[in-house]
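So you can see what is in the structure, the chains are spelled out below.
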Amino acid sequence: MARKKTKVETAAEKETKPVEYMEPRRSVAFIGSECHPFVKTGGLGDVMYALPKELAKMNCDVRVILPRYECIPWEYQEKMVYRGEFYMDLGNTGRNIYVGIMEYEEDGVVYDFIDNKEFFSGPKPYFNLIDDIPKFCLFSKAALAALNFLNWIPNIVHCHDWQAALVPVYLRTLFSDTPVGGARSILTIHNLRFQGIYDIKTIRYWTGLPDGVFDNPRLLGQDWLDANIMKGGLAFADRITTVSPNYAGEIQTPEYGETLDEHLRYHNCKLRGIVNGIDCDVWNPDTDPVLAANYNQKNAVKGKKKNKLALQKELGLEEDQNKYVIGLISRLTNQKGLDLVNAIVPQVLDEFTQIVVLGTGDRNYEDSFRYYENRFRGQFSACIQYDEARAHRIYAGVDSLLVPSRFEPCGLTQLNAMHYGTVPIVRETGGLKDTVEPYNQYTGSGNGFTFDRYESGLLLDAINRSKTLYFTEREYWDEMLIRDMNKDVSWGNSARQYRDLYMELTPW
Ligand code: ADP
């Protein structure tokens, strides 16, 4: 019988063996107003879920702090554990306000929910600014007070959008002499359009911040009447990030700066862009449980055909795997370029082409898409709803996806699409420009079709170019589809850049 050899390590071998490198641990508090799966209205919710999870794998100690909205589904509410409560003053209200802390843990990430029934009630997270200003003043202050209360003092406080933009302001004012006051702060802009602008009197009343921050146009001062919460956050934060490098440049111009371009140019040395990723556990065509057929790079062409037929059946479209099916998954708002789409639908539709729209939002877009569904029965489907499972089936079943946005801080739908072997057709703006390389017929490179100026004729031209490739050179189309699936759109790379940023801010 052969003897099993056991290898004895020599001293020299021991010395040359690389020491396993453990990255220094950093603690980070994520503070924001939404997070999948508890509450989500857009891309912010996806980032608040996926990024902390990825950072936890990189030796970061992450806590996510969220409002405990009444609208969080009961299946999560019932799993939350009570961690404590305290009372806190709020601005000049003269009130002592209850703050409860409810905790939930998953995948190495701790979620702390700030509880107060009076402020966080209602069927959705956002209403109008009259309600939302007090809500997020309380939330931002309570988030910092909760960190002190829990005696969990992070190295970094990472805040998201205007709803948490008061955190860097509080950190350097009312909280500067408290334990959490030593933390460094980052403010990430997911969408600059929303800034939390309201009259100075109201914001002063709810925040209790000193007069100096309102009088100063470099801090919260917007004009003689209004204060701007986002502007204050940008001024006080140690670093500002946007969700793509291109958007970081764009918002310093009057066209995209939403009136803060000058303020952002002033702070541009602390501004940078890090592109978002997607959660490849949730978005994986090979394992996705809601698809008609799972597929991967090896059998994508066949797998997508099966999904196309199932989708056509589900939506009452003419069932034919040879039709070219174009998808659109979006909030139906002015930002998303829907007026361009509306203008060209009749020119795009022909006997070989179908369009599928999934989204909710502004009434005029909802109605115009319903109109097209009626007019082009069997060719156009308008799903006016928010339905995650259906979104997955559309990504899998369509050939291309439209993202013709007016502006787009990063955009996740084009990333989801590429990962599902669906070719994006995008406007060259914000993160769309960073993530979609235009198809080049001479070199056979690129992963989508793009157009630059905000004009319906250019969108139509991009769609026609995609159709030409699809119908006349299918082998090149199929190659692009595989290139798209091979593109790394996971969080790994982006999470590393955030981690590097945390290290840069805490170099000890
Ligand atoms: P934004 O944050 O501006 O809404 P993003 O492209 O960053 O846009 O993110 C949108 C996310 O929401 C994507 O994951 C997309 O699949 C999802 N989504 C948008 N509309 C719907 C809908 N009606 N049903 C299901 N998912 C949707």
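Definitions and cut-offs
Residues numbered from 1 in each chain as written. Predicted model: local features only at pLDDT ≥ 70, side-chain atom pairs only at ≥ 80, totals over all residues. Heavy atoms only, no water. Axes fitted to C-alpha atoms, helices over the stretch in contact; angles between N-to-C directions. Helix = DSSP H or I, 4+ residues; strand = E, 2+ residues; numbered from the N terminus. Parallel < 35°, antiparallel > 145°, perpendicular 65-115°, else oblique. Left-handed = near helix turned anticlockwise from the far one by under 90°. Contact = heavy atoms within 4.5 Å. Nonpolar A, V, L, I, M, F, W, Y, C, P; charged D, E, K, R; others polar. Near = heavy atom within 4 Å. Polar contact = N/O pair within 3.5 Å; in protein donor to acceptor, adjacent residues only side chain to side chain. Domains from an automatic or database assignment. Pairing = 2+ DSSP bridges. Phe/Tyr/Trp six-rings, centres within 6.5 Å; stacked < 30°, edge-to-face > 60°. Buried < 20%, exposed > 50% of the residue type's maximum accessible area, 1.4 Å probe, protein only. Core = buried A, V, L, I, M, F, W, Y, C linked by side-chain atoms within 4.5 Å.

Focus: the packing of helix H11 (residues 300-315) against helix H14 (residues 388-397)
Two elements in contact, H11 and H14, have axes separated by 8 Å at closest approach and are oriented at 130 degrees. One way to sum up the angle between H11 and H14 is to call them oblique. Read as a crossing pair, H11 and H14 show a hand that is left-handed. In this structure, H11 uses Lys 304, Asn 307, Lys 308, Leu 311, Glu 314 and Leu 315 to contact H14, whose residues at the interface are Arg 390, Arg 393, Ile 394, Tyr 395, Ala 396 and Gly 397. Residues belonging to the contact of H11 with H14 are distributed by class as follows: five nonpolar, two polar and five charged.

Let's talk about the site of the ligand
Taken together, the neighbourhood of the ligand is formed by 20 residues, with Gly 43, Arg 331, Lys 336, Tyr 395 and Leu 412 sitting nearest. Contact between the ligand and Lys 336: an oxygen atom at 2.8 Å from a side-chain N or O atom of the residue. In this structure, an oxygen atom belonging to the ligand sits 3.5 Å away from a main-chain N or O atom of Thr 413. Going through the elements one at a time, helix H2 (43-57), H14 and helix H15 (413-419) are the ones with two or more residues in the shell around the ligand. Broken down by element, the shell around the ligand gets its largest block of residues, three residues, from H14. Looking at side-chain class alone, the shell around the ligand contains six nonpolar, eight polar and six charged residues. Here the shell around the ligand spans two domains, and each of domain 1 (26-277 + 493-505) and domain 2 (300-488) adds at least three residues to it.

Focus on the sheet that holds strand S11 (residues 271-273)
Taken in spatial order, the nine strands of this open sheet run S3-S4-S5-S2-S1-S6-S7-S10-S11, and their pairing is mixed. One side of each edge strand has no neighbouring strand; the edge strands of this open sheet are strand S3 (81-89) and S11. Between one strand axis and the next, the sheet turns through 25 degrees on average, direction left out of account. Against the sheet, helix H4 (residues 129-150) touches strand S1 (26-31), strand S2 (60-67), S3, strand S4 (96-106) and strand S5 (109-115), its axis set at about 115 degrees to S3. Along the sheet face, helix H8 (residues 229-236) touches strand S7 (184-189) and strand S10 (239-242) and points at about 135 degrees away from the line of S7.

Quick notes on the packing of aromatic side chains
Tallied over the full model, the rule gives 30 aromatic pairs. Seen in terms of ring centroids, Phe 38 and Phe 113 are 5.1 Å apart; in terms of plane orientation they differ by 85 degrees. Their pairing is edge-to-face. Of the two residues, Phe 38 sits in the loop between S1 and H2 while Phe 113 sits in strand S5, which places them 75 residues apart along the sequence. Of the two residues, Phe 38 and Phe 113, neither departs from the other in class, the shared state being buried.

Regarding the pairing of strand S12 (residues 324-329)
Of all six residues in S12, six are buried; the element is thus mostly enclosed. Burial along S12 is two-sided: the face carrying Tyr 324, Ile 326 and Leu 328 and the face carrying Val 325, Gly 327 and Ile 329 are both buried. Both S12 and strand S13 (residues 353-358) contribute to a ladder of six bridges, which runs parallel. Pairing of Ile 326 across the sheet is with Ile 355, part of S13.

Here we look at the nonpolar core
In this structure, Phe 30, Phe 38, Tyr 111, Phe 113, Ile 189, Met 230 and Tyr 502 are the most contacted members of the largest nonpolar core, which totals 101 residues. The element that contributes the greatest number of residues to this core is H4, accounting for twelve residues. Formed by 65 residues, the second largest nonpolar core is a distinct cluster that contains Tyr 324, Tyr 395, Ile 425 and Leu 481.

Observations concerning H14
Every α-helix winds through 3.6 residues per turn, so residues three or four apart in the chain are directed the same way. With seven of ten residues buried, H14 is to be regarded as a mostly interior element. Of the positions making up H14, those classed as buried are Arg 390, Ala 391, His 392, Ile 394, Tyr 395, Ala 396 and Gly 397. In this structure, the buried side of H14 is in contact with H11, S12, S13, strand S14 (380-383), strand S15 (400-403) and H15. Between a side-chain oxygen at the N-terminus of H14 and the backbone nitrogen of Ala 389 the separation is 3.2 Å; the capping residue is Asp 387.

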